[in-house]
Amino acid sequence: MTQENIALGNNEAPLLAAIDLGSNSFHIVVAKLIQGELQPIDLLSEKVQLAAGLDCDRNLTEEAQNRGLECLSRFSERIKDIPRSNIRIVGTNALREARNSKMFINRAEKLLGNPIETIAGIEEARLIYLGVSHTLASNSGRRLVIDIGGGSTEFVIGERFDPLQLESLEMGCVSFTRRYFKDGRINEKSFQLASFGALRELLSIKRKYRRLGWEDCVGSSGTIKAIRNACINCGFSKENITATALQKLRQKILSYGHVDEIDIEGIKTQRKAVLPAGIAILSAVFDSLGIKQMSFSEGALREGLLYDMTGRLRHEDVRERSINALMQRYRVDHEQAQRVEQTAMIALTQVRDTWHLEETAYHNMLSWAARSYETGLTIAHSQYHKHSAYLLLNSDLPGFTKREQSHLASMVQGHRRKFPESHFEAMTMRDGKHYRRLTVLLRLAIVLHRSRSKERLPAFRLEARKKQLELHFPDNWLSYHPLTRSDLEQEAGYLETAGYTLTIK
């Protein structure tokens with residue numbers, strides 16, 4: 001997607017939208033892109049408490065799904081006139097945890113008319129930091145950003161716009177409410193159990209984070225905002241959340257006995273139910289990490305999504321850095337990767353119209369697959385395509401959604417030998433068709449560079465019709481390259497089992 005694409009046919013500033021399907025609340029932000037800068041024009045939030053709808057088998061109940069779909073039906077009205085390419089929708093912890101999340105996502109995608117990406121906790125942390133760092137004044141020191149969500153809490157240490165350390169822990173205000181404050185009663189025992197539960201989670205990051213250090217601590221999202229407002233409205237602090245103010249708020253909450261009795265100015269009815277769990281988590285965070293005070297930022301995941309989109313428009317795609325870092329980490333042969341990538345791009349250019357692969361996303365995915373298909377060689381040459389796929393599927397790759405990593409892994413696993421049909425059948429019908437075609441192009445590019453020769457390939461012509469391909473070379477070129485002819489004939493056999501006909505001329 002380019003800046004020209006986004007503004008096409010519209011003399012006004014283009015609109016962008018980001019929707020965050022959080023475990024506690026769903027949020028939407030709509031903004032204008034004016035001379036490269038974002039200007040928010042609409043913000044909506046609804047308490048859906050998706051995580052509260054996870055049953056004992058970790059399935060989302062029908063009631064919880066309906067709450068989410070009713071909210072999204074209202075959001076859909078706001079985005080109906082915004083181009084699909086200008087919208088990003090992500091799901092977080094509740095959709096990561098739910099065993100039947102695919103069912104809910106399918107229903108939601110039909111309602112919204114846009115794909116929904118379930119992002120990993122580390123990616124969620126990166127986007128939160130991006131949103132916070134763009135809404136605060138720039139400083140030269142390290143900053144610790146903490147976001148307590150419904151099902152997870154994210155921790156990021158960074159400098160300016162660059163995250164240095166990212167973590168996501170399985171503790172959130174909704175999940176901890178269900179575990180420790182299920183009946184709504186508030187007592188010292190429940191608070192202690194919740195705090196101990198949070199402290200156990202924090203053990204995995206405590207030493208690492210305190211060693212790295214930070215100058216400022218910033219909180220984001222609804223839970224921390226509610227705690228900050230409660231501290232100020234109760235007179236415990238003037239602007240920030242301090243350790244002393246947090247302790248006083250804890251004692252005040254204990255005095256109520258039940259969440260329905262909480263009476264603090266600025267705390268909404270729906271927030272009361274999860275406030276004790278949020279206070280218990282934040283108290284444990286302050287104790288474990290030695291935090292003295294925390295300021296608040298209005299920026300969060302949804303703002304991070306918007307800034308991530310604008311970065312891609314300026315060709316500052318963090319996914320490029322992720323692929324380059326992966327290549328370096330696993331010592332990929334850059335020259336070979338470049339040869340395969342260039343040939344794959346030439347092939348894509350020739351068939352993208354007839355195979356409907358015009359979208360920039362397909363160009364990017366084919367490029368990244370061509371550059372990462374040999375990462376698994378570091379593990380072993382035997383079945384290295386499967387090792388490469390495993391690394392792509394399971395590595396933390398900033399900028400990539402789980403779906404993108406899964407599709408990339410499927411392409412890479414399918415680059416040699418038997419075509420992995422089951423991987424593409426598991427995708428949506430549209431994705432399955434297009435990623436099969438991209439994998440065919442990747443396979444052909446790799447076959448043509450099997451010799452790893454620096455000799456340039458001749459100008460070839462590739463023609464495509466549905467499941468038929470014709471590959472044309474200059475006269476007599478294949479006669480002088482019998483090994484390439486043999487490899488292509490073998491490849492034609494592999495593709496035939498997947499329903500494709502490759503004719504070599």
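Our structure's up above, just so we're on the same page.
Residues numbered from 1 in each chain as written. Predicted model: local features only at pLDDT ≥ 70, side-chain atom pairs only at ≥ 80, totals over all residues. Heavy atoms only, no water.

### A short note on the sheet that holds strand β14 (residues 501-504)
Across the sheet, three strands lie side by side as β12-β13-β14; this open sheet has mixed pairing. Since the sheet does not close on itself, it has two edges, and those belong to β12 (461-465) and β14, each with one partner. The sheet shows a mean angle of 15° between the axes of neighbouring strands, direction not considered. Where β12 lies against strand β13 (residues 468-472), five bridges are found, and the strand directions are antiparallel. (Pairing = 2+ DSSP bridges. Helix = DSSP H or I, 4+ residues; strand = E, 2+ residues; numbered from the N terminus. Axes fitted to C-alpha atoms, helices over the stretch in contact; angles between N-to-C directions.)

### Things to note about the layout of surface pockets
Gaps between atoms show up when a probe of the same size as a water molecule is rolled over them. Estimates place the volume of the second largest pocket at around 680 Å³. In this structure, the second largest pocket is lined by 26 residues; those nearest its centre are Lys 102, Thr 118, Lys 402, Arg 403 and Ser 406. Secondary-structure elements contributing two or more residues to the lining of the second largest pocket are α3 (93-97), α4 (101-112), β5 (117-118), α16 (384-394) and α17 (402-413). Here the lining of the second largest pocket takes six residues from α17, the largest share from any one element. (1 Å grid on protein atoms, 1.4 Å probe; cavity = no way out; pocket = protein on both sides within 12 Å on 5 of 7 lines; lining within 4 Å. Points joined across faces, edges and corners; volume = space filled by probe spheres on them.)

### Here we look at the environment of Arg 302
Within the secondary structure, Arg 302 sits in helix α12 (residues 301-313). Residue Arg 302 is classed as buried on the basis of its relative accessible area of 14%. In this structure the C-alpha to C-alpha distance between Arg 302 and Ala 51, which are 251 residues apart in sequence, comes to 19 Å. Apart from the residues lying within four places of it in its own chain, the contact partners of Arg 302 are Ala 18, Asp 20, His 27, Val 29 and Leu 43. Among the polar contacts listed, one links the side chain of Arg 302 to the side chain of His 27, at a separation of 3.5 Å. (Buried < 20%, exposed > 50% of the residue type's maximum accessible area, 1.4 Å probe, protein only. Contact = heavy atoms within 4.5 Å. Polar contact = N/O pair within 3.5 Å; in protein donor to acceptor, adjacent residues only side chain to side chain.)

### With respect to empty space enclosed by the protein
If you walk through the whole model with that rule in mind, you get three cavities of 30 Å³ or more. Quantified by volume, the largest cavity comes out at close to 260 Å³. Contributing to the lining of the largest cavity are 24 residues, with His 27, Asp 147, Gly 149, Gly 150 and Ser 221 lying nearest its centre. Per-element tally for the lining of the largest cavity: the top contributor is helix α8 (residues 221-233), with three residues. By volume, the second largest cavity is sized at about 50 Å³. Along the walls of the second largest cavity sit Ala 120, Ile 122, Glu 123, Asp 396, Leu 397, Pro 398, Phe 400 and Gln 405, which together make up its complete lining. Of the residues assigned to the lining of the second largest cavity, the class counts are five nonpolar, one polar and two charged. (Nonpolar A, V, L, I, M, F, W, Y, C, P; charged D, E, K, R; others polar.)

Functional significance is not addressed by these values, which are geometric in nature.
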